[in-house]
Amino acid sequence: MNILMALSQLEVTGAEVYATTVGNQLTQRGHTVHYVSDTLTKPFIGQFFKLRFNKRSIPRRFWHVAYLTYLIKKHNIQLVHAHSRASSWSCHLACKITGTPMVTTVHGRQPVHRSRKAFHAMGDKALPVCEAIEQQLIEELEVPSSQLTVSRNGIETQSFSPAEPPNNAKPIITIVGRLTGPKGDLCYRLLDECLDLDKYDVRVLTGSAMEARFEKFTDKASFPGYTNDVAHVLHQSDLVIGAGRVAMESLLCGRPTLAIGEAISIGIVDKNNLTHAMATNFGDIGPNILDIDFSDIAKEVEKGLNHSSCSPAVTDTIRQNYDLSNIVSQVETIYQDVVITKLRKEMPILMYHRFIDNESQKGTRGPYIDINLFEKHLQLLKRMGFESLTFEDFAAKGTIERLRSGKRYFMLTVDDGFVDNYELMLPLLKKYGFKAVVYVVTGETYNRWDVEASENPDKPFPLMSAEQINAMAESGYIEIGGHTLTHPFLSKLSYQEQKSEIQQNKQALESIIGKKLTSFAYPYGDLNEHSKEIARELEFDFAVATNSGPRAFHQDLYQIRRIAIFPKTSVLGLWRKVTGNYVFRKNK
């Protein structure tokens, strides 16, 4: 995807660290990320556009909106991700003008006033970084809970790991944070009221310029400035004082950590207060600024210094909840939700069955299509600029691959595994350069499920042999998928009967093609919760239904909706089905 990260800042902030860290991970995953901000100091990959969001006069704001609109159109931006109030306001209007999906990560408590309630300006989805922000948005700004998803700060957890406690002659206490705003006020009071600067070696790590009020501490505390090697500084510390990402990184390093921010003091983080710490972004978020009892801080400092390290259980919890890869995967899912819902378009997944080249092969039950009409379908797809994907592609690249900028994708699936798939379909796929997923029944040699049907029985049509199945798989154009042994209605079977049908089919196909299956198709599109549970248990990555499941297929990877192709699906009919909004129009 083409993504625009927007933020407003004049110095290093947690929002910038979040935006660039997540943005760089997205870039590594194949996305193109652009940035627009007043300044940008952290390492980033992508284009940077300077825009003075901090200049908030009415004429300036109109200019911000106009420039953002230009950037969105010029660089084919598919989604805007804002990270501050000033940037989100302008981005919201620019996205309204251009019809561009937008999300906003909310890093802090929001100001409450009448206009803010009436105009949230957060786009299609707001991502508070903790539960306290989520609660404030719901209770004070009346943002619908359906518009909110908690998405925590992502940390490159592999860059932070516990080390042996330092052996300092004098306890080193490191304070990390800005010297401006509420955080600056907090740092000042810690130095002035709470810390014995003769007893401790106090170091203030900050990217802020020194303010005059801090000069009186320079004789007894050190201000080493900013560093890119945060882990090294944390490992040297006997105690770390900070909030937000600082506290998380310190805990990942195994250091005793006093979580205190511009709102509240959590105290020394342990397993008893960890949930509260996470919910408040480690003290950064609360109902009031500096709602802290500073008389207790000295005791907390001593408590922390009495421990050589934090609890390993706390470190493990931080690692599980803030791992960057997991957070970015969640963000990618949210991007897909927003884009598909906003644009009401989804990649078409077509479902074929048999292919015929003469009248005698017509059936009475199972769908089929004349091979000449099928070729016209492929010609239309080629003219429309479509490229084909398989579930093996998604397993390797993620489902968001279907939203790659400048691409138009579809998926071609074929059920049952008839001989005509090999004899008639495969040559045309090679001719037009398209791939398909073929779901194969292995316990039958013909379509007995239709031939022995009680009503309107069909004629027998042969299924592929093992040699033909393997040839399909080795062609480079076909992904082979599971489709049971005998093509039953799965919901009518017991759990064990279902599992036997699916598992034995999977084992047979994997033995034939010599590799693991990626996807499975429920016969008739018939399933229940047991069916989905078995598909997960047997380690299929995806399972497809027919006309059931969410309209956006990434929202349930074990009940993916498909679009059926019938004998009378003309070229015009196919065009209607592949425009992208078919499932939205059909299922109003």
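Residue numbering note: each chain is counted from 1, following its sequence as written. Owing to the predicted nature of the model, reporting of local features is limited to residues with pLDDT of at least 70; listing and counting of side-chain atom pairs is limited to 80 or more, with chain, interface and lining totals taken over all residues. To obtain the side-chain values, all non-hydrogen atoms of the structure were included, while hydrogens and water were left out.

K.L.:
Quick one: what's the story with the nonpolar core, residue by residue and with numbers?
P.N.:
Counting residues in each nonpolar core, the largest one holds 77 residues, and the members touching the most others are Tyr 335, Tyr 352, Phe 374 and Ile 480. Only runs of H or I of at least four residues qualify as helices and only runs of E of at least two qualify as strands under DSSP, and these elements are numbered from the N terminus. Among the elements that make up this core, the one with the highest residue count is helix H12 (residues 324–343) (nine residues). Here, two residues are considered to be in contact whenever any of their heavy atoms come within 4.5 Å of each other. Discounting chain neighbours no more than four positions away, the residues touching Tyr 335 are Met 1, Ile 3, Met 5, Leu 26, Leu 79, His 81, Val 103 and Ile 400. The next biggest cluster of nonpolar side chains, apart from the first, holds 28 residues, and it includes Ala 231, Val 240, Val 246 and Ile 318. As used here, the term nonpolar core means buried Ala, Val, Leu, Ile, Met, Phe, Trp, Tyr and Cys residues forming a set that is joined through side-chain atoms within 4.5 Å. Burial here depends on accessible area, computed with a 1.4 Å probe over protein chains only, as a share of the maximum for the residue type. Under 20% is buried, over 50% is exposed, and the range in between is partly exposed.

K.L.:
Account for the sheet that holds strand S7 (residues 172–176), naming residues and giving values.
P.N.:
Two strands in a sheet stick together by hydrogen bonds in their backbones, pointing the same way (parallel) or opposite ways (antiparallel). Strand order in this open sheet of six strands is S9-S8-S7-S10-S11-S12, and the pairing throughout is mixed. Taken across any chain shown, the strands that pair with only one partner, and hence form the sheet edges, are strand S9 (221–225) and strand S12 (265–268). Adjacent strand axes in the sheet meet at a mean angle of 15°, parallel and antiparallel pairs treated alike. Here, a strand pair is defined by DSSP locating no fewer than two bridges between the strands. In the sheet, strand S8 (residues 201–205) pairs with S9 via three bridges, with the strands oriented parallel. Note on S9: the bridge partner recorded for Arg 203 is Ser 222. Running at roughly 160° to strand S10 (residues 239–242), helix H8 (residues 245–252) makes contact with S7, S10 and strand S11 (257–260) of the sheet. To get an axis, fit a line to the C-alpha atoms, keeping to the stretch in contact for a helix; angles then go from 0 to 180 degrees between the N-to-C directions.

K.L.:
How would you sum up the pairing of strand S6 (residues 125–128)? Please name residues and give values.
P.N.:
Here S6 shows a buried face lined by Lys 125 and Leu 127 and a second buried face lined by Ala 126 and Pro 128. The pairing of strand S5 (residues 102–106) with S6 spans four bridges and is parallel. Bridging across to S6, Thr 105 finds its partner in Leu 127.

K.L.:
Would you mind going over the packing of helix H1 (residues 14–28) against H12 in detail, with residue names and values included?
P.N.:
One can describe the packing of H1 onto H12 by two numbers: an axis separation of 10 Å at closest approach and a directional angle of 80°. Classified by the angle between their axes, H1 and H12 sit roughly perpendicular to one another. For the pair H1 and H12, the contacting residues are Tyr 18, Thr 21, Val 22, Gln 25 and Leu 26 in the first and Leu 324, Ser 325, Val 328, Val 331, Glu 332 and Tyr 335 in the second. Under this scheme an angle from 65 to 115 degrees is roughly perpendicular, one under 35 degrees roughly parallel, and one over 145 degrees roughly antiparallel; angles in between are oblique.

K.L.:
Help me get a handle on the pattern of salt bridges, residues and values and all.
P.N.:
Whenever a carboxyl oxygen of Asp or Glu lies within 4 Å of a side-chain nitrogen of Lys or Arg, that contact is scored as a salt bridge. Applying the stated criterion across every chain yields a total of 30 salt bridges. Salt-bridge contacts for Arg 448 lead to Glu 452; the nearest nitrogen and oxygen are separated by 3.2 Å. Counted as one network, the salt bridges with shared partners bring together Lys 183, Glu 262 and Asp 284.

K.L.:
Hey, could you go over the layout of surface pockets for me, with residue numbers and the actual values?
P.N.:
The definitions used throughout rest on a 1 Å grid laid over the protein atoms alone, on which a cavity is an enclosed set of points accommodating a 1.4 Å probe that cannot get out and a pocket is an open set flanked by protein within 12 Å on both sides along at least five of seven lines; lining residues are those having an atom within 4 Å of a point. Grid points are joined across faces, edges and corners, and a volume is the space filled by probe spheres set on the points. Reported here for the second largest pocket is a volume of approximately 640 Å³. Gln 78, Leu 343, Lys 345, Leu 403 and Lys 407 are the residues nearest the centre of the second largest pocket, which is lined by 28 residues in total. Among the secondary structure elements, those contributing two or more residues to the lining of the second largest pocket are helix H2 (58–74) and H12. Per-element accounting of the lining of the second largest pocket gives the leading share, three residues, to H12. Here the lining of the second largest pocket is composed, by residue class, of 12 nonpolar, nine polar and seven charged. Residue classes follow a fixed rule: Ala, Val, Leu, Ile, Met, Phe, Trp, Tyr, Cys and Pro count as nonpolar, while Asp, Glu, Lys and Arg count as charged, and any other residue, Gly among them, counts as polar.

K.L.:
Describe in detail the packing of aromatic side chains, supporting the description with residues and values.
P.N.:
For this analysis, a ring pair means two rings from Phe, Tyr or Trp (six-membered ring only for Trp) whose centres lie within 6.5 Å, classed as stacked if their planes differ by under 30 degrees, edge-to-face if by over 60, and tilted for the remaining angles. Under the defined criterion, the tally for this structure stands at 22 aromatic pairs. Taken together, a centroid distance of 5.4 Å and an interplanar angle of 65° make the contact between Tyr 188 and Phe 217 edge-to-face. Here Phe 217 lies in the loop between S8 and S9 and Tyr 188 lies in helix H6 (residues 181–194), a separation of 29 residues in the sequence. Taking the relative accessible area as the measure of exposure, Phe 217 reaches 4% and is therefore buried. Ring centres of Tyr 352 and Phe 355 lie 5.9 Å apart, and the angle between their planes is 25°; this geometry places the pair in the stacked category. For Tyr 352, a relative accessible area of 1% corresponds to the buried category. Take Phe 355: its relative accessible area is 1%, and that puts it in the buried class. Among the aromatic residues, those joined into a ring-pair cluster are Tyr 188, Phe 214, Phe 217 and Phe 223.

K.L.:
Describe the environment of Met 425, naming the residues involved and giving the relevant values.
P.N.:
You can see Met 425 is positioned in helix H15 (residues 419–432). Among the residues examined, Met 425 registers a relative accessible area of 0% and is labelled buried. Here the alpha-carbon distance between Met 425 and Ile 356, two residues 69 residues apart in the chain, equals 9.5 Å.

K.L.:
Go over the state of the cysteines, please, and point to the residues and values.
P.N.:
For the purposes of this analysis, a disulfide is any pair of cysteine sulfur atoms at a distance within 2.5 Å. The full count for this structure, using the stated rule, is zero disulfides. Left unpaired, Cys 91 is separated from the closest cysteine sulfur, that of Cys 95, by 6.0 Å. Here Cys 310 is not disulfide-linked; the sulfur of Cys 253 is the nearest cysteine sulfur, at 9.3 Å. Its relative accessible area of 9% is what places Cys 310 among the buried residues.

K.L.:
Describe in detail empty space enclosed by the protein, supporting the description with residues and values.
P.N.:
The full count for this structure, using the stated rule, is three cavities of 30 Å³ or more. The space that makes up the largest cavity amounts to roughly 100 Å³. For the largest cavity, the lining is made up of 15 residues, of which Glu 346, Met 347, Arg 551, Arg 561 and Val 583 are closest to its centre. Residues belonging to the lining of the largest cavity are distributed by class as follows: eight nonpolar, two polar and five charged.

K.L.:
Hey, could you go over the domain arrangement of the protein for me, with residue numbers and the actual values?
P.N.:
How large an interface is tends to be reported as the accessible area lost when its parts come together. An automatic or database domain assignment provides the domain bounds reported here. Taken domain by domain, the protein consists of domain 1 (2–147), domain 2 (157–320) and domain 3 (344–584). Taken over C-alpha atoms, the centre of domain 1 sits 28 Å from the centre of domain 2. With 16 residues of domain 1 at the interface, the matching set in domain 2 holds 13 residues. Summed over both sides, the interface between domain 1 and domain 2 buries roughly 1,100 Å², with carbon and sulfur atoms accounting for 53% of that surface. At the boundary of domain 1 with domain 2, the tally comes to zero salt bridges. Here a polar contact is taken to be a pair of N or O atoms separated by no more than 3.5 Å, where protein atoms must pair a possible hydrogen donor with a possible acceptor and residues adjacent in sequence count only if both atoms sit in side chains. Applying the counting rule to domain 1 against domain 2 returns three residue pairs in polar contact (both at pLDDT 80 or more). Residue assignment for the side of domain 1 that touches domain 2 shows that the elements contributing at least two residues are H1 and helix H5 (131–139). Here the element with the most residues in the side of domain 1 that touches domain 2 is H1; it accounts for four residues. Considering only residue class, the side of domain 1 that touches domain 2 consists of seven nonpolar, five polar and four charged. The buried area of a pairing is the accessible area, by a 1.4 Å probe, that goes missing from both parts when the two are put together, added over both.

K.L.:
Give a detailed account of the side chain of Asn 505, specifying residues and quantitative values.
P.N.:
Residue position: Asn 505 is located in helix H18 (residues 495–513). Of the residues examined, Asn 505 reaches a relative accessible area of 0% and is grouped as buried. A distance of 3.0 Å separates a polar atom in the side chain of Asn 505 from a polar atom in the side chain of Thr 442. Here His 483 takes part through its backbone nitrogen, which lies 2.7 Å from a polar atom of the side chain of Asn 505. In this structure Asn 505 touches Val 440, Val 441, Thr 442, Gly 482, His 483, Thr 484 and Leu 485, once residues within four positions along its chain are discounted.

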